[in-house]
Structures are given as C-alpha cells and as structure tokens.
Amino acid sequence: MLLTFALWAYVAGMAGALVLQRAERLANVLGFGLAALGGVCGVVFSVSSLAAGRAVTIAPVTLWSGPIPDVRLVVEADALSCFFVLIVSLVGLAISVFSLGYARTYYGRKNVGVLAAVFNALLLVTTLVFIAGNLWMFLIAWELMALLAYGMVSFEHEDREARQAGVLYFIMSHLDAACILLGFLMLAQAAGDFSFASLRGIGAKLSPQQRDAAFMLFVIGFGIKAGAVPLHIWLPVAHPVAPSNISALMSGVLIKTGIYGLVRVCFEFLGPPPMWWGASLLAAGTVSAVLGVLYALMEHDLKRLLAYHSIENIGIILMGIGAALMFLHTGHAVLASLALIAGLYHTINHAVFKALLFLGAGAVLHATHTRNMEEMGGLAKRMRWTSLFFLVGAVAISALPPLNGFVSEWLTYQSLLQGFGTTTSLVRLMFPLGGAMLALTGALAAACFVKAFGITFLAQPRSDHARNAHEASLPVLIGQGVLTAACVFLGLFPTAFLKLLDPLTQQLTGHQLSQQLTLANGLVLSDATAQGGTVSTLGITLMAVYLLPVPLALWAMFGRKARTRIAPTWDCGQRGLTPQMEYTATGFSKPLRMIFKALFRPRREVQREYDFSPYFATTLRFESHMEEVFQTRFYRPVNLWLLRLSRRLRALQAGSLQAYLIYVFITLVALLLFAS
Amino acid sequence: MKRDTPFTLLTNGTALSWADVPEWPLAEFLRNVGAELGRGERLSSFFGVPEGDALRLVAVLAFDAGNTLAVGRSQSFSGSFPALTATHAQAHLFEREIWEQHGVVPENHPWLKPVRKDHGAGPAVGDFFRVDGREIHEVAVGPVHAGIIEPGHFRFQCAGEEVLHLEIALGFQHRGVEEAIAGGPHRATVYQMETVAGDTTIGHATAYANALEALAGTEAPLRAQWLRAIALELERLANHTGDLGALAGDVAFLPTASACGKIRGDFLNLTALLCGNRFGRGLVRPGGCLLDGDTERLSQLRKRLETALAEVQQAAAWLWDAASVRTRFEHTGHLHAKQAAAIGLVGPAARACGLVRDVRFDHPTGWHRFAQVPVSVWPDGDVFARARVRWLEIQRSGDFLREQLDAVPEGETMSSLPALAPNSLAVALVEGWRGEVCHVALTGADGKLRRYKITDPSFHNWTGLALALRGQAISDFPLCNKSFNLSYCGFDL
Amino acid sequence: MSVHDTLLNRLKRGCETMAYPKGPAPALPDRHGGALKVEAAKCDASCSACVTVCPTEAIARPAGKPVALDLGRCIFCAECVTVCPTKAITQSNDHRMAVRQREDLVLGDTGKEQVRLAQALDEKLRRLFGRSLKLRQVSAAGCNACEADTNVLGTIGWDLGRFGIQFVASPRHADGLLITGPVSKNMELALKKTYIALPEPRIVIALGACAIAGGPFIGHPQHHNGASGLVPVDLFIPGCPPHPLTILDGLLRLLDRLGESDARR
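Residues numbered from 1 in each chain as written. Chains lettered and ligands numbered in written order. Predicted model: local features only at pLDDT ≥ 70, side-chain atom pairs only at ≥ 80, totals over all residues. Heavy atoms only, no water.

Let's talk about the overall build of chain A
If you tally the helices and strands in chain A, you get 27 helices and 7 strands. Buried positions account for 56% of the 676 residues belonging to chain A. Excluding contacts between residues fewer than 6 apart, the proportion of contacts in chain A whose partners are at least 24 apart in sequence is 78%. Split by element, the accessible area of chain A, about 27700 Å² in all, is 68% carbon and sulfur. Counting 46 positive and 31 negative side-chain charges, chain A places the averaged centre of each group 4 Å from the other. (Helix = DSSP H or I, 4+ residues; strand = E, 2+ residues; numbered from the N terminus. Buried < 20%, exposed > 50% of the residue type's maximum accessible area, 1.4 Å probe, protein only. Contact = heavy atoms within 4.5 Å. Areas by Shrake-Rupley, 256 points an atom, 1.4 Å probe, with all protein chains shown as cover. Lys, Arg positive; Asp, Glu negative; His and termini not counted. Charge placed at Lys NZ, Arg CZ, Asp CG, Glu CD.)

Next comes the structure, spelled out in structure tokens:
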C-alpha cells in the first residue's frame, strides 16, 4: 500500500540518481522528485493511519529471512511509528522540493547524483528505523543512517572543517550505536527473542539493577543521537558543514530518531519507571535547553546558531518526556499523557520549524556565499520571500503565539506546572524549576532570533556579496513555503492535530486526551485539568483578523490626508551612515556573555601597535574567544586518558610470536572455564 | 627657583621685545623645547608666525614650579620639521594646527590629521581610525547631537558595549577668529574676543586685555583688576554650578539637577548685576573695566551671593549623599595622573587627576598677585573627582568673593590705553573655569597685531576625554562628556 | 539626607516657577538696557558718530536718508548710545524684540522707532503647535551663550515645559528648528540635513545676532552670516545673547500664548 509505494519511490530515486550521475539535471529532478513523491505518500499514509485511530497499522511483516535462525528483517508500524513517519515524510517532502532548486548550486562542482541518491537513501533508512519490527532491522537501519549521514557531512570533503566534522560524527555515532546495542542485547537476552513484539514489557523480567543499567545505556546512546548535553559536541560541528538540505534533514529528522528510540524503549520495553529515570531526563532536558540557547546566542555563524538551537529544543522535548515518566511513576496517567503529548508535539514542531530555518539559511548561504552573519545584512529587501519565511520560522521557534512553537511549549508548561502537586517528595521542586528554566530559554531564544533575523536580514548589507544577493529560485521558495504552511497549521489548529495523537497516547500511557484538551468545538486548547488553563491560538488570530477593519477604517478616515515623504535615516547631520556603524552579532550578545561569564569563560585580547607613543596607536586589534567548556573539561581529559590507557595496552602487542601464542592459550582456557 | 634654561623667562601678563626672544635654528629649537618638556614643563602655546614664504615657530612654555613662563622661537624655515609629538604627546594638536594653518609638515607625527578645516563636507579628521576585529562596530554621533549643545562628532569603535577607541572630530564651529584679528585690533576685535568661547567671556576678555596692556606697557587700574577677578570667579561659580546640575541630570538625580539649574541662573544674574549682561559682555576692556560697581550695587551683590551659595550648598549635599550618584560617578571615565601630565591636561580636569596646576597659583597676575584662591585638587581622576573638584572650587570661589567684597579697593576703573609697542611679544594666561586660557600677541613694526594666538583650555583637554573613554561602556559617554564639559567653539575658533 | 529633609526643603521652598506670563515679567538687569529705540528726527544731519563706532556695521546713514539701525546685526554693545550727542539712539529697557520678518528689525524710518513685534503663527500652525511645540536646537557655530540661555529656559524658574515647549533630541520628533550661530561652512551640511529631517509643517527660529546676520563675526568668509540664506526663518530673536526673557517672549508671541494684556501691534 501507500507506505510500500513510498519506500519503493525512495529506492527508485536512489537508483535513478546513481544511474544518471552524469546527467546532472536529470539526476536532480529524478532523484529529488521521487523523494518528494515518497514524502507525499508517507504523509498521506501516516495521517490516515493516525486518524483512523488504530493501535497497530501494520502487523509485523518479515521482509527478509536469512539462513541463520533469528536473523530476520521485520517491519511493523504502530501509532508511534506512524507519527514519526509523518515527521520524516513531511520534512522530507519539503526538503526534496527545496533541493530541486538548491542542488543547482552544486552543478559542475560536485556530484549531484550522489547527493540525490544518498538523500533518498537517508529517507529510506530513517523510515525503516521508525517502522523496524525487530532488533536486526532497527540496528541495521540505524547503522546505515549513521554511515549515510557521515557521508553527507563530509560531502564537501575538500574543506578540512568538513572532514574533521565527519570524523567526529562517525565516532560519536558509533559510540551511540554501541550503547544502544548493549542495551538491546540486555533486553533481548531476557526476552530470548529479537523482535519488538516480545520485547514489550520485558523490563519486568529484569532485576532493578539491570533495568537501571539498560536505561543508562539507552539514555547515553539515544542521547548522543538526539544531541543532549553533555553528549552534544558533534552537533554544532557536523550540522553546519553539511549541505543545507542535509543539515535540515539532520536537524529536523535524524536527531528525532533518538527521541523515537527513547520513547519506544522507556514507555514500551522497560516497564514501570522509577522516579529517578524521569527526573534525570527532566534534568538533562533542562540543562540542554538552557545551555543550548546560551551557546546559540554567542554564535555568529548562522548554521551553528541553528544547530545549538536544535540542542535547546531537544532539551525541551526531553523535559516533556522526562516529566511524562515521572508522572507514570506517581500514577498520574492523564498528566503523563499530557506531558508525552507536549514532548511529541514539540518534536514535530521542531522538525518543521528547524527544517524551515535551515532551508532559509541555505538560501541565504547560497546568495551571500558565507555562513558568517557579520557579513550579511540588508537581505530583507533583496530576498523578500526568504526573509518572510525565515521570520515565520523565527517567530515559531521563539514560541510566540499563534504559531506552533507556542502551542507545544504551552503544553509543556502546563504539564510542568501541574507536576508540583503530584508528589510530596523533594523531587517535585524540579517541576517549577524546570518551568522557570523553560521560561528563561524562551526569552533567550527570542533574543537570539532577534539577533539572527536582525543582523542577517535587516539594515544595510555588510559585504559586497550581501549587496549583490538575489532571491532564491522557485523550488527553494516552495520548499520553505510548505514548511511555513505546516508551522501555521500546527499553530492555529492544535486541537485538530491532537486527535492524531490519540492512538499514540492510548498505546503508551493508556489514555486518550484529545477530547479533554479540546473545548469550544476545537477553538480552544485546554490543559485537561479542573483549574482549566486554556488558550486559543486560532481565537487570537481570528480576533486580530476581525479587528483589522478598525485601524483600516481609521486610516481611511483620517490618515489619507497625511503626506508621506521618504527621507534618509537621521544620522546626526553627518555625511552618511556606513555598514560599519551597524551593530554586530557578537556585540548584540555581549551583555549576556558578561552575565554568564562563568559558563563561557570569555577571553579578550587587545593588541595595540604604535610607532612612537602609546596614545596614538597605528593599529588596534580586538579579538575575543570563548572556551569550549565541554570539550576542554570533559572530552579532552577522557580522550587523553583513553590514549594513555591504549598506549599502556600497546605493550600487549609485543610483536613476538610466542607472546601471541600464550594469549591464544590463555583465552582458550578462560573460555573453557567460562563455558562450563 | 632659578634654573638654567636657554629660554627667556617671562612673567604672566608681560611683554618683551621680539628681538629679545631667543632664536635658534629649527633643530636646536625643537631640541630645547623637547628638553624642557622632558623635564616636566608644560607647553602652553606652540604656533607658527609666517614670515613671507617661510615660517617661524614660537613656543611658550609654562614652568609651573618656577612660577614663570618661558618663550623661544626658531629661525625661519619651510617645508617640514621633525615632530615633537613623537616624544611628547602634549604637542600633538599644536603641530597638527601648525600643519593646517601654514602647510609645513611635522615629520613622524603619529596622528597627522587636520584640526578644523573641512575637506569636502566631512569632519575635519578625514578617515577615522578603525579597530580591526570582526566584532567591532562604529557608533558615530554628531555633529547635531542630543541636547542644546555645540556641534562635534564622536566616532566610537565598540566591541558590544565597550568602547575601545574614541576619536573626536571638531572644527564645525570654525569662524575664523585668529584670521580676523590680523592687522588689528579692529573695531570688532574685543567683541570677538568676548565670544571666542561664549561662556568664558571674562576669561578670554581678561586675557586679551592683559595681553594688550602688556604690549602697551601699562597695567589696568587696581580697582579694575579687582573687578575682573570678581567677575572671573562669578563666571566660575555659574558654570561649575551648571555642571554639577548637568552631571546630576545625567544620572537622573533630579533634586540637584533642578536646583542647580536655577542657581546657575542666579549666579549669571549676579554678573548681569555688575554689567547688564549675564555672561559679562561689555565689562572687561583693554585698559580696565568699562563699568563700575558702587557701594549699593556691591552690597546687593554680596547679599545675593550669600543666598545663592547657601542654596548650592544644599543642592550639592543632596548629590554627595546619594549612593546611586556615587556608583555612577566613581571609577567612570578614569584618567591617570601620568596620562594627564603626558597630554598636558589643564583646569579642573587636571586637578581631578591629582595634578596641582592652576594659573592663579602658578602664574598669578592682576588681582591674584594680592589675593590667593587655594588650589582644589582630588586624586582619583574619575567623574567623581571632576565633580568633587568643581564643588571645592565653588566653595573656594565663594570664600574668595566674600573676602574681596568685604574689602573693596578705591580708585578708577578705566584708563586709556597707550599705543602698542611695535615688534613685541606678550603672553597672558588666565585661569578660566575650564582651565588655562592662553593668549599670545605679536605686534609688527607698525604696532598692529601681526599674529594673535588663542589657546582655549579645551585645546588641551579634548584629548583627555578621548583617553578617558577607553574601556568604558558607551552608555557612560554623556556622563564623561559632561564631566569634562569642554568648549567646542573655543577649540574651533 | 533623608527623604524627610528633602520633602521639608521642597515644601519650604514652594513653587519656584515665575508667574510670568500670568503675572508681570521679571525685571531685566538694570544695566541690561533692553531693546534700542531710534528717533531719527533727533539726528544731526552731519553726524555719523554711531556709524563709525558700531563693531558690526549695523548702523548706516545713506545720503539724504535718516539713520537706519539694523537690530538684527546689533550685538547690543551700546556704543552708539554712549556716543550719540543728541540721544537719537536710546535703550528702552524693553525686553520684547522678537519679529517675524527680517525687515522689521531695521529701525529708523518714521513709524519704525521700535521693533514691530512678532505676530502669532497662522491659525493652522497655531492649532498644531500652540500647546505643544517640540524644537530641535542646532548650534551652527554658536559661541554657547545663546545655548546656555536657551538651556536655562528649561530650568524650574522659567519652566518652558508648562507651555508645551520642549527641546528634543531627534529632528524627527521636532516641529521646529532653533538655530544659533552664524552657520559656519562646516556646519552647512548638518544644518540642511537637520532641516530636511524635520517633518512638515515645520518652523525655524533664528536666535541671536549670529543666527540673524553673523553677529560679531559678520563678514568672515568661514561662515554664511546667519541662517536666512539657507533655510526659511519664521522668527528672529535679536540679542547677544538674548536674555531668556526675550527668548521666552518671542516663543510665546509666536504661539499667541501671551494673553491680551501684553499684545502690542
């Protein structure tokens, strides 16, 4: 049916693009066109499945069965899978359309066919991750996803930065694959089988210590993939260097696989969670959110800024999921559903607006040939549609009503604020604290996007490239437009969308909440409690629209007589303003850098050169750096320790045949003892 | 304190024949000047006297410790000269001015830019200094900047909120004062002298009168000198009160701001009581004072002075008490004593860095030979110190005025001025409320003014403001600017 | 210094704003002299003592015509008053000097012994600015005395704010321009730009002898001898510097805020 068609479309796109490598335009159109087709099918499939409300959409189907017993590839789709397939298809669709125009920038420079093929392959394997039905399928698709993404990160391998980013991504991906593998092996050992069906609820069969250990492994593994602090160091390095459509896919979809994995494992496989599981996720989420946005504020590289924001939003999602786990522990299933809905709604929201922002960044990058915001400016007049779409994305990510970011953060706040009353232990303090930190990140995110939008698009251009920028091509604009429409829809019609999440929460927490969350015929969103916190984004918008005639009438009555004269900006009577007089991105964030000095540890350097007198400098140079706290204080020491350890272990590689024979003998003896 | 110097010594307010001014070849002249500056003396004035196609440099040094001035000149030369600024920063503006006015190039001048002349609808300094760095942005303020204030352009190089470098471009008010005096004094000259810096009317008029009286070989009558001293202190009182009010206004401390605004008007009205004009126009003339004060008038002046001083005491007490004011004032706009001495800072700004320099004390002339005003010094060098020095000067000027108004000298106030001696040089220094006002007059063979050099205290002090802003937050700029409160038109002439 | 002391002090001092224009104007300093009055009839035909003594050449005696004193050029040094043998030129101790037309400042003709004072703005502008006039001051090479006396109008004694008149930082927020100084060549661009930046309708006030005709520096090549050549001026206020009372009188006269008691001509 539709899903199969979608998967085959991806395969066809991959094959076609590879075959037609030399005919760039054909490869482009065929590859990305088929990807778009697959995306459409995926969206239709997932929406219809969720709307139908069935718990299981596709019963476990064996795709391939090999000669070794237990080694099979099984797919199944339940509500959770459909939800994530919706995410990958929707975002994939938009990015595919975008890529039709964007890939033209690579004509003659790089192999567009390979780009299109790998893109299709990525969509394929990511979908497979979501519909995997047993461990083999899951892990093989996971590994392929990591490899393909690594390939794309190093796509512009002429650039040293890209190569290094690729290597880091490769290492971190395999670290996370190792952790996940270990965790799943622990579960599979207890179940005796590798299929997801038999893993459900397996946590009950494990001892508490084993469950905790498995939980830790999964958190680390999926955390690395999702980009939670302190496992995030690869994210701001890898996402900026990839081609922009791949960055959008990575930030929008690939990191959500970590969320998918966590939800699947914690809610289905591991059984009833102790309090500290949820609390640790909530804490990790809070820290990721705050740190992510703080680092984003300090960035002047547009794509790195967006990458750090991904860390922040993953943090918000984790806060929702952590809160849901805590509520499961205390037995508040309704609240758990609410928190889970908040987390998952934010997942799709983030996928949509982050992809939108990355696509916008890609268009800007192509127009100005730089990622550095300090060299942009004045693009709003030259790239009207792109700036409009970017603005919508910025408003959405800053959680301003009436767009989608506001809805999911509102739901997250509601679940956190009600958490205080769920338990009497001190843990309940985490809820209001989390809410406060969430408020802080919201404010900082808004500040950061004022900077990002303002410095990039407003005022005068700061470089010749920016001055000569022109609007992007039509497919690029359409791709952004699709996601903008999605942002608006998800923001204005949350109650309609929530119906789609019913089968999900039914399956995972046992409750269907959309009825309780909807009031006034779908106009108002409620938080399902007696106190009745409510909000209506649709209502706000409609009211604004209804009230619009009032200022229009006033203008028609009084304003038309006023003459308009266009005059230069007031410049104190000087010769004229220059781009040098515009605020810089780093200047904008300087006060915050000073406030959070302890975290950033900024270092500033002023070099003064003078010929004769220090009062009359010939040149003055100013530079400031921030310490990369996690790298220098955690990863580097760990790396150094590992290297030292491996240097010691090198002693084992004595190079002498006798020594190796003794190793073989010792191993044999050990195995025999162990086996008996 | 006598010491060996090749320069001819000269008392403030006296003249000497041009031929008696020691003359050296250019290189030796500059070496001598450099040597004196190296010993810690101050450059009061340094300018060029055109002689046909060539130029002669004249230096007037202030030996503050020796209570005397010293003059010297170079032989005529043309083309260029080695810049003193390379070793002594206090000469920098003088040398730029010489370059601009006469066209000779100071070699190795580290900051050779025009001072006042505008080259094509832009600020005089041409291209502004830029700090390298990706995070740097410029903030360009002026010439029409906020407030009822004279025009000037300030170019900040900022990293975020921090100012790394400030370059001040003036010259917007260049009216051609020095050019107009040549061949004078003309009918309008004394009125132009009064408006060189309109709020320092008494200061500049007194310096002009002293210079002309020195050239004529006379002194003004004692009562006139007494009146001039009174008017000078009244001018100081009015402006310092206004400054305290403005500083308070800048930190939003309204009790003092509104009170001082009114009290300043009261002090200005005291000057108007003496001569009809709130700024002292029409009072000081070469030869004496045009108007006199009878007993009735002077006792009224005394009474109103007491009231105003009591009120300003109250207003200032509010200011020093407020913690919010002190946090803004302290450690803001800091200038070291070493920097101040190196750039030749004068006036309250210099005294607020701990430098003891005051013309009334170092080079007393006129009534200040008989009556002393203690020098007000404060060591810190920040905005608080500059405000504090102003406050001390208000108190001390008030004491001085009380003392003098209680002991009025007899005599006439105006005497006729004989003809000016030909080929003579006169130097007159007055401690205006901003600092040292220096007028140097040179007559030709016909007894007319061949060259007249005016150095307003702002000429020395604008550099101080530019230095004080380094490392400060840009939002403190209005406060620092007001704490210096320099004259734009006195600089621009 | 506690709040208590501050409040007591404030209560003791009461309201320090002057009653004018609802009461009599504060007296000018007795030596101020005020506006000049020219009675050409008293002039001696052969005498031109005033012409030679005037530092700004404000007085002219064309052959056969009576003496003409241009109050716009006058810097009020009163030399002509001192030197006139027949007391044809006297000081009237009148603080009112503001005019709308430049010609109104030339005294001497019969019927023009004293200044013809400024009329108020036309009704449309009076309706717009009468109760709220925001001014941007531009010092185009002024010596700072006119600026100081304008500043003092904002203090609590004069309190310009009670008439709705306020000085603003940006010309975009302003209704009018207040120009001081003879407009040096270096300030020409800035003045023009400020004028262009004012939204219409706008007015221009030339304050002080410099802004009207160049002041003590009249004739110097470094400036334009006043603002009239560059921007259209709606109000001229002579003086060097004009006493704050003269400035206030001029502004209120322009806005018709003086009341019938002081309306003249």
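What to know about the domain arrangement of chain A
Taken domain by domain, chain A consists of domain 1 (275-484), domain 2 (584-626) and domain 3 (630-675). Between the C-alpha centres of domain 2 of chain A and domain 3 of chain A the distance comes to 47 Å. (Domains from an automatic or database assignment.)

Some words on the sheet that holds strand 9 (residues 136-141) of chain B
Residues and elements named next belong to chain B. Pairing within the open sheet is antiparallel, and its 3 strands lie in the order 9-10-11. Either end of the sheet is taken by a strand with one partner, and the two such strands are strand 9 and strand 11 (162-169). Going from strand to strand, the sheet's axes swing by 20° on average, the running direction of each strand aside. With 7 bridges connecting them, strand 10 (residues 153-159) and strand 11 associate as antiparallel partners. (Pairing = 2+ DSSP bridges. Axes fitted to C-alpha atoms, helices over the stretch in contact; angles between N-to-C directions.)

Topic: the packing of aromatic side chains
Residue and element names in this part refer to chain A. In total, this model carries 53 aromatic pairs over all chains according to the counting rule given. Relative to Trp-277, the ring of Phe-215 has its centre 4.4 Å away and its plane inclined at 0°; by these criteria the two rings are stacked. Placement of the pair is Phe-215 in helix 8 (residues 208-226) and Trp-277 in helix 11 (residues 275-297), with a sequence separation of 62 residues. No difference in accessibility class separates Phe-215 from Trp-277, as the two residues are buried. Through a chain of ring-to-ring contacts, the aromatic side chains of Phe-138, Trp-142, Phe-184, Phe-196, Phe-218, Phe-222 and Phe-269 assemble into a single cluster. Lying over the aromatic face of Phe-420, Arg-428 brings its terminal NZ or CZ to 4.8 Å of the ring centre. (Phe/Tyr/Trp six-rings, centres within 6.5 Å; stacked < 30°, edge-to-face > 60°. Lys NZ or Arg CZ within 6 Å of the ring centre and 35° of its normal.)

As for the environment of Gly38(A)
All names here are of chain A. With respect to the element layout, Gly-38 can be found in helix 2 (residues 24-52). For the pair Gly-38 and Thr-126, spaced 88 residues apart in sequence, the C-alpha to C-alpha distance is 13 Å. The residues contacting Gly-38, other than those within four sequence positions of it, are Ala-6, Ala-9 and Tyr-10.

Comments concerning the state of the cysteines
Residues and elements named next belong to chain C. If you walk through the whole model with that rule in mind, you get 0 disulfides over all chains. Summary of cysteine pairing: Cys-54 is not part of a disulfide, and the nearest cysteine sulfur, belonging to Cys-77, is at 6.0 Å. On the basis of relative accessible area, Cys-54 is assigned to the buried category, the value being 9%. (Disulfide = S-S within 2.5 Å.)

Section: the sheet that holds strand 15 (residues 436-443) of chain B
Residues and elements named next belong to chain B. Within the open sheet, the 4 strands sit side by side as 2-14-15-16. Their pairing is antiparallel. Each edge of the sheet is formed by a strand with only one pairing partner; in this case those strands are strand 2 (14-17) and strand 16 (449-455). Strand-to-strand twist of the sheet, defined as the mean angle between neighbouring strand axes without regard to direction, takes the value 15°.

Remarks on the domain arrangement of chain B
One widely used convention gives an interface's size as the accessible area the parts lose upon coming together. Residues and elements named next belong to chain B. The domain boundaries assigned to chain B delineate domain 1 (8-107) and domain 2 (202-433). Each of domain 1 and domain 2 has a C-alpha centre, and the two are 29 Å apart. In this complex, domain 1 contributes 21 residues to the contact, which on the side of domain 2 involves 20 residues. Taken together, both faces of the contact between domain 1 and domain 2 bury some 1600 Å²; the carbon and sulfur share is 58%. Summed over the shared surface of domain 1 and domain 2, the number is 9 residue pairs in polar contact (both at pLDDT 80 or more). (Buried area = accessible area lost by both parts, 1.4 Å probe. Polar contact = N/O pair within 3.5 Å; in protein donor to acceptor, adjacent residues only side chain to side chain.)

What to know about a nonpolar patch on the surface
Residue and element names in this part refer to chain A. A surface patch of nonpolar side chains, about 1100 Å² in accessible area, is lined by Phe-634, Val-638, Trp-641, Leu-642, Leu-645, Leu-649, Leu-652, Leu-657, Tyr-660, Leu-661 and Tyr-663. Looking at the nonpolar patch, the element that brings in the most residues is helix 26 (residues 629-649), giving 6 residues. In this structure, Trp-641 sits in helix 26. (Patch = residues over 30% accessible without salt bridge, like charges linked within 9 Å, V, L, I, M, F, W, Y side chains within 5 Å. Salt bridge = Lys/Arg side-chain N within 4 Å of Asp/Glu carboxyl O.)

Let's talk about a positive patch on the surface
Residue and element names in this part refer to chain A. A cluster of basic residues, Arg-644, Arg-647, Arg-648 and Arg-650, forms a positive patch on the protein surface. Summarising the element assignment, Arg-644 is placed in helix 26. Taking relative accessible area as the criterion, Arg-644 reaches 46% and is therefore assigned partly exposed.

Thoughts on unusual backbone geometry
Following Tyr20(C), the chain continues into Pro21(C) via a peptide bond in cis, with omega recorded as 5°. Tracing the backbone shows Pro21(C) in the loop between helix 1 (3-13) and strand 1 (36-38). With an omega dihedral of -5°, the bond running from Glu200(C) to Pro201(C) counts as a cis peptide bond. On the secondary structure map, Pro201(C) appears in the loop between helix 6 (188-197) and strand 9 (203-207). Positive phi is not limited to glycine here, since His369(A) has a value of about 60°. Mapped onto the fold, His369(A) is located in the loop between helix 13 (333-368) and helix 14 (379-382). In this structure His369(A) comes out as exposed when scored by relative accessible area, which is 54%. One non-glycine residue, Arg601(A), lies in the positive phi region at around 45°. In this structure, Arg601(A) sits in the loop between helix 25 (597-600) and strand 6 (602-609).

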